[in-house]
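Report on the structure
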Amino acid sequence: MTVTPASPSSPAADPHRPVVSDDELIARVASLVPVAVRRQLWTLFLDADQVQLPMVVPLEGIPERPDRLAVERWGDALDEVASEFGVAAVVFVLERPGPVVDSASDVAWRDALTGLSEARRYAVRAVLTCTSDGVVAPPDPRSVFTTERDRCPRPQSSPSRLRLSEVLAVR
């Protein structure tokens, strides 16, 4: 399924609105990473209310096949971020130029990333792919979107709403 970016007036484009449905999540990701430019992995963060937190981390230079130890270390680093910033769930976006067709690399990355939430403070809400044709969910939606049972078991309140300019302001 390919999704076109959300219009500025759509709920998916409002950074303060919860991203509840899978369609809203795909539209939000498409508004941030509309098409693949280079091979990299994006990490987005959601609070317990499914509101996207004002930080996105791109990692460039990811290999075709995930290195298990490196992925686990990334998972540990995300656990620290989750603890400090009240992250309840993460969304991964594998950006890679090329056709929409799932590759063995896509499946390997999805499998490695989906398992990161085990014994950590956050849930993995989704692992999406951004191709030359836009953001796509894998052919089997059960392999990308977690179920309610997989969500973070500890409720956390949303942080106060901040504008990115306020966060980055030099004082």
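Our structure's up above, just so we're on the same page.
Quick summary incoming for the structure in this document. (Residues numbered from 1 in each chain as written. Predicted model: local features only at pLDDT ≥ 70, side-chain atom pairs only at ≥ 80, totals over all residues. Heavy atoms only, no water.)

This part is about the environment of R125. Topologically, R125 is positioned in strand β5 (residues 123–131). Sequence spacing of R125 and L44 is 81 residues, and the spatial spacing of their C-alpha atoms is 9.9 Å. Reaching out from R125, the side chain makes a polar contact with the backbone oxygen of V19 at a distance of 2.8 Å. Within polar-contact distance, the side chain of R125 engages the backbone oxygen of S21 at 3.4 Å. (Helix = DSSP H or I, 4+ residues; strand = E, 2+ residues; numbered from the N terminus. Polar contact = N/O pair within 3.5 Å; in protein donor to acceptor, adjacent residues only side chain to side chain.)

Of all 7 residues making up strand β2 (residues 40–46), 7 are buried, and the element is well covered by its neighbours. Burial along β2 is two-sided: Q40, W42, L44 and L46 and L41, T43 and F45, pointing in opposite directions, are all buried. Alignment of β2 against strand β3 (residues 52–60), held across 6 bridges, turns out to be antiparallel. From the neighbouring strand, L44 faces β3, where its bridge partner is V56. (Buried < 20%, exposed > 50% of the residue type's maximum accessible area, 1.4 Å probe, protein only. Pairing = 2+ DSSP bridges.)

Looking now at empty space enclosed by the protein. Counting across every chain of the model gives 1 cavity of 30 Å³ or more. As a volume, the largest cavity reaches approximately 30 Å³. L94, D106, W109, R110, V127, L128 and T129 are the residues that line the largest cavity. For the lining of the largest cavity, the secondary structure elements donating two or more residues are α3 (104–114) and β5. Grouping the amino acids of the lining of the largest cavity by side-chain chemistry returns 4 nonpolar, 1 polar and 2 charged. (1 Å grid on protein atoms, 1.4 Å probe; cavity = no way out; pocket = protein on both sides within 12 Å on 5 of 7 lines; lining within 4 Å. Points joined across faces, edges and corners; volume = space filled by probe spheres on them. Nonpolar A, V, L, I, M, F, W, Y, C, P; charged D, E, K, R; others polar.)

Another aspect to go through is the environment of D79. Along the polypeptide, D79 turns up in helix α2 (residues 68–85). The spatial distance from the C-alpha of D79 to the C-alpha of S117 is 8.8 Å, given a sequence separation of 38 residues. Ignoring any residue separated from it by four or fewer positions in sequence, one finds D79 in contact with R120, R121 and Y122. A polar contact is formed between the side chain of D79 and the backbone nitrogen of R121, at a distance of 2.7 Å. (Contact = heavy atoms within 4.5 Å.)

Okay, the nonpolar core next. V29, V91, V93, L128 and V135 are the most contacted members of the largest nonpolar core, which has 19 residues in total. Non-local contacts of V29, meaning those with residues more than four positions away in its chain, are made with L44, V91, V93, L128 and V135. (Core = buried A, V, L, I, M, F, W, Y, C linked by side-chain atoms within 4.5 Å.)

Attention now moves to α2. Under the 1.5 Å per step criterion, the end-to-end length of α2 is 25 Å for 18 residues, consistent within 8% with the ideal 26 Å. Turning to α2, its buried residues number three or more, namely V71, W74, G75, L78, D79 and A82. The buried residues of α2 occupy an angular sector of 155° when projected down its axis, which confines them to one face. Set apart from the buried face of α2 by more than 90 degrees, the exposed residues are L69, R73, E80 and E84. Residues of α2 that are buried in the fold lie against β2, β3, β4 (89–95) and α3. (Expected span 1.5 Å × (residues − 1). Arc of directions from axis to C-beta.)

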